[in-house]
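These are the residues of each chain, in order.
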Amino acid sequence: MTGRWLTVVAVALAALGCGGGGHSTSPSPEASPSLTVSSGAFAPMGAIPVRYTCDGDNVSPPLAWSGAPGGTASFALVMDDPDAPRGTFVHWVLYNLPAGVQSLPEGVPTVERLESGALQGRNSAGRLGYTGPCPPRGQAHRYRFSVYALDATLPLAPGVSQSELEKAMAGHILARGQLVGTYSRESGPMG
């Protein structure tokens, strides 16, 4: 009897592990096809140049991505710092970038709506658009530039937060990719 009960439990657990309980039609984050994200300013896991930080000109770096699947209607981008002392700090939120656009130039203006029609949200500092790395002195922080290929243009106004963007993207992500750069401040004020 014990052996039979263990077999029933094992079969039930296997069924649950195969996704029998979910109703989502979009791929899971792990199963999503990958976009390739790159920058002409720094290599993957390389140091982000001072120009793109609070110690420099505080302008966004150039970015490019490829590998979007068919059916992509728009792109979204989130840049964040998972190593921030008070939890993940969001540096940039951009969305509704048309599917035909597969790069951003250096120095994207910090305005609500770009010429392409893309919209910008608010970062953790409450500012619109990009704000560069500005970690406390000490160990290098990682900065993740995450690009999402979406099957829709999102019904959002300018100025939304990263969490509002994530809620709107749920069920619409076709692919994603990430470029990670690092930055450390050896001197200067904390911030």
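Look up: the structure comes first, before these words.
No experiment lies behind these values; they were computed from the predicted model shown.

1. Some words on the pairing of strand β2 (residues 63-66)
On β2, burial follows the alternation: L63 and W65 on one face are buried, whereas A64 and S66 on the facing-out side are not. Sheet topology places strand β1 (residues 36-38) next to β2; 3 bridges connect them, and they run antiparallel. Bridging from a neighbouring strand, S38 pairs with A64 of β2. Judged from the 2 bridges that link them, β2 and strand β5 (residues 103-104) form a sheet pairing that is antiparallel. What sits directly across from A64, in β5, is S103.

2. A look at the sheet that holds strand β4 (residues 89-98)
Read from one edge to the other, the open sheet built from 5 strands follows the order β6-β4-β3-β7-β8, with strand pairing classed as antiparallel. The outermost strands of the open sheet, each flanked by one partner alone, are β6 (119-120) and β8 (173-183). Sheet topology places β4 next to β6; 2 bridges connect them, and they run antiparallel. Each residue of the ladder has a partner; that of L94, found in β6, is Q120. Against the sheet, helix α2 (residues 162-169) touches β3 (74-81), β4, β7 (141-150) and β8, its axis set at about 40° to β4.

3. Here's the deal with α2
The periodicity of an α-helix, 3.6 residues per turn, causes residues three or four places apart in sequence to face the same way. Those residues of α2 not exposed but buried are Q162, L165, A168 and M169. Buried residues in α2, looked at end-on, bunch into an arc of 125°, giving them a common side.

4. Here we look at the environment of P109
Turning to its location among the elements, P109 is positioned in the loop between β5 and β6. C-alpha of P109 to C-alpha of L128: the two residues are 19 residues apart in sequence and 9.7 Å apart in space. When near neighbours in sequence (up to four residues on either side) are disregarded, P109 contacts L114 and Q120.

Rules used throughout
Within each chain, residue numbers correspond to sequence positions counted from 1 in written order. A pLDDT threshold of at least 70 governs which residues receive local features in this predicted model, and a stricter bar of 80 or more applies before side-chain atom pairs are shown or counted, although totals over entire chains, interfaces and linings include all residues. Heavy atoms throughout the structure, all of them, feed into the side-chain values; hydrogens and water do not. For every residue, the accessible area (1.4 Å probe, protein chains only) is compared with the maximum for its type, and the residue is labelled buried under 20%, exposed over 50%, or partly exposed between those bounds. Helix numbering and strand numbering both begin at the N terminus, where a helix is a DSSP run of H or I of at least 4 residues and a strand a DSSP run of E of at least 2. Should DSSP find at least two bridges between two strands, the strands are regarded as paired. Any pair of residues with heavy atoms lying within 4.5 Å of one another is described as a contacting pair. Angles run from 0 to 180 degrees between N-to-C directions of axes, and those axes are lines fitted to C-alpha atoms, restricted for helices to the stretch in contact. What the arc describes is the spread of directions from the helix axis to the C-beta atoms.

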